[in-house]
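# Inside the fold
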Amino acid sequence: AECVSGCVCPEGLFDDGRGGCVEEKDCPCSHNNEWYSPGQKITVDCNTCTCQKGFWSCTEELCYGTCTIYGSGHYITFDGKFYDFDGNCEYVATQDFCGDKNSSGSFSIITENVPCGTTGVTCSKAIKMFLGKTELKLENKDYKEIQRDIGDDVQYWNRTVGLYLVIEASNGVMLIWDKKTTVFIKLTPDYKGKVCGLCGNFDDKSNNDFTTRNGLQETNALKFGNSWKQSSMCPDVTEEIKPCDVKPHRKSWAEKECNIILSEVFKICHSKVDPVPFFDACVHDACSCDSGGDCECFCSAVAAYAQECTKAQACVFWRTPDIC
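Note that the coordinates shown come from a computational prediction; the quantities given were computed from them, not determined experimentally.

### So, the overall build of the protein chain
A tally of helices and strands in the protein chain yields six helices and 19 strands. Taken over the C-alpha atoms alone, the protein chain extends approximately 75 × 50 × 40 Å along its principal axes. Within the protein chain, counting contacts between residues at least 6 apart in sequence, those at least 24 apart form 47% of the total. Element-wise, carbon and sulfur atoms account for 49% of the exposed surface of the protein chain, whose accessible area totals about 16600 Å². Separation between the mean location of the 32 positive side-chain charges and that of the 47 negative ones in the protein chain comes to 4 Å.

Given below as structure tokens:
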């Protein structure tokens, strides 16, 4: 399927993968199962790639890392690992106090998770952000500042963008909160490999993201998640909760609603961001939110996929007067 010289085409010409023969300079490039002509550009993260003679030539800017926490216990780490963890406690989402006990750091972000619905799944209720000696607590659609005695001065700014409250700090940490259950944490590339917590270590490798507080590699999301709880008084999570099994009567409704993620509406994005884990997460959330707010859970789950699509340069207009 690649652009290679062979017995398909006359001497000096190449098979272009579309049934034609072209000169080398006219070879197309492939990305996510789509073909691009020479000179066409695509955006990958914050870099631009240009198709040249069948190969991509990309700029090498260092990009912000993003960790996403949304709905009932869904996490996408800085390195893109997608997993679920339902714990009822406060957990370290990310911090740069890693390594030995006395290591110095400049920030820590804690998520407080509480049960949402009656099936036992949990949602992020409040976020605590420690920046030097300032503590910010984001809760009930608002945030308050608490000054502590220890730590450095780290400046920060806050602004509202659409649905989101954005807090940006001078140390390269940004937090974007939808005032409900979705949080995006963005870090500058300076933090690569220097952070730890539920968001992973931001070293561009997703296979070692389950590093526990003791620095051990885990394969199990529950053991990994439990290691990052803030208080030893909280119980450990021992089993993964499957809300659609607990509430089977909600399952068909959940699948029908969440099908928007797999539908034509998002077609432009399917080749750029795999919709399946987002669909599964949406069904999980729609089954579990059974004590009010079920539309909010569904909408947050679809919005999380739409957000990833936007990052991949696929803008989707999916909200309508009937949907969210």
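### Quick look at the layout of surface pockets
Estimates place the volume of the largest pocket at around 1000 Å³. Lining the largest pocket are 34 residues; nearest its centre among them are V44, D45, E308, K311 and A312. Only β5 (41-44), β8 (65-70), α5 (276-288) and α6 (294-311) provide two or more residues apiece to the lining of the largest pocket. Here the residues of the lining of the largest pocket are counted per class, giving 15 nonpolar, eight polar and 11 charged.

### So, the sheet that holds strand β13 (residues 122-131)
The strand order β11-β12-β13-β14-β15 describes an open sheet built from five strands, whose pairing is antiparallel. Across the chains shown, the open sheet's two edge strands, defined by having one partner strand only, are β11 (90-95) and β15 (142-147). Pairs of neighbouring strands in the sheet enclose a mean axial angle of 25 degrees, with direction left out of account. As paired strands, β11 and strand β12 (residues 107-115) are joined by five bridges and run antiparallel to one another. Looking at β12, one finds that Y91 is bridged to T111.

### Considering the domain arrangement of the protein chain
By domain assignment, the protein chain separates into domain 1 (14-58), domain 2 (65-227) and domain 3 (243-312). For domain 1 versus domain 3, the distance between C-alpha centres works out to 33 Å.

### Side note on the packing of aromatic side chains
The full count for this structure, using the stated rule, is 12 aromatic pairs. When the ring of Y83 is compared with that of F210, the centres are 5.0 Å apart and the planes differ by 80 degrees; the resulting orientation is edge-to-face. On the criterion of sequence distance, the pair formed by Y83 in strand β10 (residues 82-84) and F210 in the loop between β19 (183-187) and α1 (221-227) is long-range, its members being 127 residues apart. For the pair Y83 and F210, a shared accessibility class is recorded, and that class is buried.

### Focus on the pairing of strand β7 (residues 55-58)
Of the strand pairs in this sheet, strand β6 (residues 47-52) and β7 are connected by four bridges, and their pairing is antiparallel. Pairing of T50 across the sheet is with S57, part of β7. The hairpin formed by β6 and β7 contains two residues between the paired strands, and K53 there has a positive phi angle of roughly 50 degrees.

### With respect to the sheet that holds strand β18 (residues 173-177)
Across the sheet, which stays open at both edges, the seven strands sit in the order β10-β9-β8-β19-β18-β17-β16 with antiparallel pairing between neighbours. Either end of the sheet is taken by a strand with one partner, and the two such strands are β10 and β16 (156-161). Within this sheet the neighbouring strands show an average axis-to-axis angle of 15 degrees, counted without direction. Across four bridges, strand β17 (residues 164-169) lies against β18 in antiparallel orientation. Considered in β18, the bridge of I167 is made with L175.

Reading the values: rules and limits
- Residues numbered from 1 in each chain as written.
- Predicted model: local features only at pLDDT ≥ 70, side-chain atom pairs only at ≥ 80, totals over all residues.
- Heavy atoms only, no water.
- Helix = DSSP H or I, 4+ residues; strand = E, 2+ residues; numbered from the N terminus.
- Contact = heavy atoms within 4.5 Å.
- Areas by Shrake-Rupley, 256 points an atom, 1.4 Å probe, with all protein chains shown as cover.
- Lys, Arg positive; Asp, Glu negative; His and termini not counted.
- Charge placed at Lys NZ, Arg CZ, Asp CG, Glu CD.
- 1 Å grid on protein atoms, 1.4 Å probe; cavity = no way out; pocket = protein on both sides within 12 Å on 5 of 7 lines; lining within 4 Å.
- Points joined across faces, edges and corners; volume = space filled by probe spheres on them.
- Nonpolar A, V, L, I, M, F, W, Y, C, P; charged D, E, K, R; others polar.
- Pairing = 2+ DSSP bridges.
- Axes fitted to C-alpha atoms, helices over the stretch in contact; angles between N-to-C directions.
- Domains from an automatic or database assignment.
- Phe/Tyr/Trp six-rings, centres within 6.5 Å; stacked < 30°, edge-to-face > 60°.
- Buried < 20%, exposed > 50% of the residue type's maximum accessible area, 1.4 Å probe, protein only.

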